[in-house]
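# Structural overview for review
Spelled out, the chains give:
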Amino acid sequence: MRTELVSEPGDHARPNEDFASVALPASGQGGVLVALDGVTPPRSGTGCLHSVPWFTARLGGALTELTVSLPDVPLVDALARAIAVTAGAHAQTCDLSHPRTPQATVVLARWSARAVEYLVLSDSAFLVESPDGAVTAYLDDRLSRLPRASLATDALIDAHIRNKEGGFFTAAADPSVAGRAVTGVVPRGDVRALAALTDGAARWVEKFREGDWADCFRLVRKEGARELVDRVRALERADAEERAYLGHSKTHDDATVVYAQL
């Protein structure tokens, strides 16, 4: 088995808000992949004493432990338990009802000799390559399908569409959100390799249109996860002047790629 994990902050002056892990059980059978993209908090605050990296480390650590140690527990239940455990760690000190309480997108995958299970919540991507080289992208595209007018301001998003029916969902403090995730199972024999990308790395496809998901996957498999992140950074630097002109300050985003060749 070959695995790669690259996670780079968008700004080296700030902590990386992503979390990623690959775990191989001691039995030698199967494995687990976790990738979280922490939601950057607004300047107005989150009602929480803790940072987004604190949250993603807690949630990601709980997900890694639960999915490895409890292989018979469905991924939706594992995510719900991990959210509950993480919420319990700061419920006494923080306002977890705040719409911007620390939260994250989620990609989970667990494989055995029989199957590959997956879960995707919000705008990170999970890619699966079959033995014949075909690549399938499993996405939660609810955010991308929303009218642009509904995304005009943070206040509008928080009041009407963040973790609300008809909007989009992230892992925050409500365990029931796990039931909103995109999930599925692929027979193990139909999978040669898989990858998880936070949206900072998925920009190569979704923002810069350098290729489709199959092209992106082949790039990672042949040249490595680091090469994909480096190419995204080069594209972002080239785009920086236009972004500054338009008043957009976030040239770079945290970028994480996890790859596993089974």
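As shown above, the structure is provided for reference.
Residues numbered from 1 in each chain as written. Predicted model: local features only at pLDDT ≥ 70, side-chain atom pairs only at ≥ 80, totals over all residues. Heavy atoms only, no water.

A few words now on the nonpolar core. Across soluble globular proteins, nonpolar side chains show a tendency to be buried alongside one another. If you look at the biggest cluster of nonpolar residues, it comprises 27 residues, and the most contacted ones within it are Leu63, Leu79, Val106 and Leu121. Contributing elements (two or more residues each) for this core: β2 (18-23), β3 (31-38), α1 (52-69), α2 (75-88), β4 (104-111) and β5 (115-121). Ranked by the residues each element gives to this core, the list is headed by α2, at 6 residues. Ignoring any residue separated from it by four or fewer positions in sequence, one finds Val106 in contact with Ala35, Leu36, Leu63, Leu79, Leu119, Val120, Leu121 and Ala171. Within the second largest apolar cluster, 24 residues are counted, among which are Leu127, Ala193, Ala202 and Phe217. (Core = buried A, V, L, I, M, F, W, Y, C linked by side-chain atoms within 4.5 Å. Buried < 20%, exposed > 50% of the residue type's maximum accessible area, 1.4 Å probe, protein only. Helix = DSSP H or I, 4+ residues; strand = E, 2+ residues; numbered from the N terminus. Contact = heavy atoms within 4.5 Å.)

Once that is clear, we can look at helix α4 (residues 199-206). Taken across its 8 residues, α4 has 7 buried, putting it largely inside the fold. Those residues of α4 not exposed but buried are Asp199, Gly200, Ala201, Ala202, Arg203, Trp204 and Val205.

Now for the sheet that holds strand β1 (residues 2-8). By definition, the strands of a sheet pair up through backbone hydrogen bonds, in either a parallel or an antiparallel sense. Read across the open sheet, the 5 strands follow the order β1-β10-β9-β6-β7; overall the sheet is antiparallel. In this open sheet, the two edge strands, each paired with only one partner strand, are β1 and β7 (135-139). Across this sheet, the average inter-strand angle for adjacent strands is 10 degrees, counted without regard to direction. In this structure, strand β9 (residues 193-197) lies alongside strand β10 (residues 255-261), joined through 5 bridges in antiparallel fashion. By the bridge assignment for β10, Leu194 is matched with Ala260. (Pairing = 2+ DSSP bridges. Axes fitted to C-alpha atoms, helices over the stretch in contact; angles between N-to-C directions.)

Pairing is antiparallel in the open sheet, where 5 strands are placed in the order β2-β3-β4-β5-β8. The outermost strands of the open sheet, each flanked by one partner alone, are β2 and β8 (182-187). With strand direction ignored, the average angle separating the axes of adjacent strands in the sheet is 5 degrees. Here 6 bridges tie β2 to β3, and the two strands are oriented antiparallel to one another. The partner of Val22 across the bridge, within β3, is Leu33. Each of β2, β3 and β4 is contacted by α1, which is oriented at about 160 degrees to β3, the strand it contacts most.

Attention now goes to the pairing of β7. Pairing geometry for strand β6 (residues 125-129) and β7, over 5 bridges, is antiparallel. Paired with Phe126 across the bridge in β7 is Tyr138.

The contact between α1 and α2 brings their axes to 9 Å, and the two run at 140 degrees. For the element pair α1 / α2, the angle class is oblique. Judged by the twist between their axes, the crossing of α1 over α2 is right-handed. Residues Trp54, Phe55, Arg58, Leu59, Ala62, Leu63, Leu66 and Thr67 of α1 pack against Leu75, Ala78, Leu79, Arg81, Ala82, Ile83 and Thr86 of α2. Residue composition of the contact of α1 with α2, by class: 11 nonpolar, 2 polar and 2 charged. (Parallel < 35°, antiparallel > 145°, perpendicular 65-115°, else oblique. Left-handed = near helix turned anticlockwise from the far one by under 90°. Nonpolar A, V, L, I, M, F, W, Y, C, P; charged D, E, K, R; others polar.)

By themselves, these figures tell us nothing about what the structure is for.
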